[in-house]
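Survey of secondary and tertiary structure
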Amino acid sequence: MARRTKKEIQEISKEVKNGIKRFVRYQEGADLYSMGLHTFQQLSKEAGAVYKIRGIALVNTEVFEDFLENFREPAEY
């Protein structure tokens, strides 16, 4: 699969932030969150954010982002 352009990623990001697009496929999510495909798949499954419909895996971005917040490190002074 061809990598998305920066413009395409920004468009997906806008749609997710505006609530237009709540679910993304694995490759879209990996591009959107700037991580590898395998890492995004693993984290999505750990988060319980994966919906499988007729062979298509969709990731709920709201659930995924809530899960990511668990990894935030406190600020150091």
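You'll find the structure just up there.
Summarised in this report is the structure supplied together with it. Predicted model, so just to flag it, every value in this text is computed and none were measured.

What counts, and where the lines are drawn
- Residues numbered from 1 in each chain as written.
- Predicted model: local features only at pLDDT ≥ 70, side-chain atom pairs only at ≥ 80, totals over all residues.
- Heavy atoms only, no water.
- Phe/Tyr/Trp six-rings, centres within 6.5 Å; stacked < 30°, edge-to-face > 60°.
- Helix = DSSP H or I, 4+ residues; strand = E, 2+ residues; numbered from the N terminus.
- Buried < 20%, exposed > 50% of the residue type's maximum accessible area, 1.4 Å probe, protein only.
- Core = buried A, V, L, I, M, F, W, Y, C linked by side-chain atoms within 4.5 Å.
- Contact = heavy atoms within 4.5 Å.
- Axes fitted to C-alpha atoms, helices over the stretch in contact; angles between N-to-C directions.
- Parallel < 35°, antiparallel > 145°, perpendicular 65-115°, else oblique.
- Nonpolar A, V, L, I, M, F, W, Y, C, P; charged D, E, K, R; others polar.

**Some thoughts on the packing of aromatic side chains**
On inspection of all chains with the given rule, the structure shows 6 aromatic pairs. Measuring from ring centre to ring centre gives 6.5 Å for Y26 and F40, while their planes differ by 80°; the resulting arrangement is edge-to-face. One end of the pair, Y26, is in helix α2 (residues 26-32); the other, F40, is in helix α3 (residues 37-47), and 14 residues separate them in sequence. Summarising the burial analysis for this pair, Y26 and F40 share the class buried. Ring pairing ties together the aromatic residues Y26, Y33, F40 and F64, which thus form one cluster.

**Side note on the nonpolar core**
Residues V24, F40, V59 and F64 are the most contacted members of the largest nonpolar core, which totals 15 residues. Sorting the residues of this core by element identifies α1 (6-17), α2, α3, β3 (56-60) and α4 (61-68) as the ones contributing at least two each. Not counting the four nearest positions on each side in its chain, F40 is found in contact with V24, R25, Y26, G29, A30, Y33, M35, V59 and F64.

**Quick look at the packing of α3 against α4**
Interaxial distance between α3 and α4 falls to 9 Å at its minimum, and their mutual angle equals 90°. As far as their axial angle goes, α4 and α3 are roughly perpendicular. Across the interface between the two elements, F40, L43, S44, E46 and A47 from α3 touch V63, F64 and F67 from α4. Tallied by class, residues from the contact of α3 with α4 come to 6 nonpolar, 1 polar and 1 charged.

**Quick notes on the environment of F64**
Structurally, F64 can be placed in helix α4. Note on F64: relative accessible area 0%, which makes it buried. When the C-alpha atoms of F64 and L43 are compared, they prove to be 7.9 Å apart, with 21 residues separating the residues in sequence.

None of the figures reported here should be taken as evidence of function without further support.
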